[in-house]
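# Close look at the chain arrangement
Chain by chain, the residues:
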Amino acid sequence: MAKILVVDDSLTEREYLKQLLEASGITVLEASDGLNALEQMKSFQPDMIFLDIVMPRMNGYEVCRKIKSNPETQSIPVVLCSAKAEEFDRYWGMKQGADAYISKPYRPKELLQTVNTLLKG
């Protein structure tokens, strides 16, 4: 069973993603900000990470760069999820090493297709 780490400072967003992913048989772990996510990753390695961009303490771009620059975690797919939906935001997210970029509000079908594609490698 796949494990996905959902990182978002909004409890509502985390709960929404958790319900959607768990309904597909995926185990969901949660972090409320980027620093908390990096700390959790010291004790377990998720199969994928959903990462909000605008968060306190460390934004999603910074977290993505840290994950992708670490040889131990660089192969974990990172999906940036944000209300920042401009083409530049998407470009900048991919430039940080993200494997996919999904704009909020999510379209469940698109989100699950992205999950399936990235988990299959």
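Position numbers for residues start from 1 in each chain and track the written sequence from start to end. Restriction of local features to residues with pLDDT of at least 70 applies here, the model being predicted, together with a cutoff of 80 or more for giving and counting side-chain atom pairs; totals for whole chains, interfaces and linings are based on all residues. Side-chain measures here rest on the full set of heavy atoms in the structure, leaving out hydrogens and waters.

Where an unreviewed UniProt entry is consulted, the chain appears under the name Response regulator, with the organism given as Lyngbya confervoides BDU141951.

## Digging into the sheet that holds strand 2 (residues 27-31)
Reading across from one edge, 2-1-3-4-5 is the order of the five strands in this open sheet, with parallel pairing throughout. In the strand order of this sheet, the two ends are held by strand 2 and strand 5 (100-103), each with one partner. If you compare each strand with its neighbour and ignore which way they point, the axes differ by 20° on average. Think of it this way: DSSP has to see at least two bridges between two strands before they count as a pair. Numbering of helices and strands runs from the N terminus; a helix is a DSSP stretch of H or I covering at least four residues, while a strand is a stretch of E covering at least two. Judged from the four bridges that link them, strand 3 (residues 48-52) and strand 4 (residues 78-82) form a sheet pairing that is parallel. The partner of L51 across the bridge, within strand 4, is L80. Should any heavy atoms of two residues lie within 4.5 Å, those residues are counted as being in contact. Only the contacting stretch of a helix is used when fitting its axis, a line to C-alpha atoms as for every element, and angles between N-to-C directions run 0 to 180 degrees. Docked against the sheet, helix 1 (residues 11-22) engages strand 1 (3-7), strand 2 and strand 3, running at close to 165° with respect to strand 2.

## Regarding the packing of aromatic side chains
A pair of aromatic rings is counted whenever rings of Phe, Tyr or Trp (Trp by its six-membered ring) have centres within 6.5 Å, and the orientation is called stacked for planes under 30 degrees apart, edge-to-face for over 60 and tilted otherwise. Scanning all chains against the criterion turns up one aromatic pair. Taken together, a centroid distance of 6.1 Å and an interplanar angle of 5° make the contact between Y16 and Y106 stacked. You can see Y16 sitting in helix 1 and its partner Y106 sitting in the loop between strand 5 and helix 5 (108-120), a full 90 residues away along the chain. Residue exposure (1.4 Å probe, protein chains only): buried if accessible area is under 20% of the type maximum, exposed if over 50%, otherwise partly exposed. For Y106, a relative accessible area of 9% puts it in the buried group.

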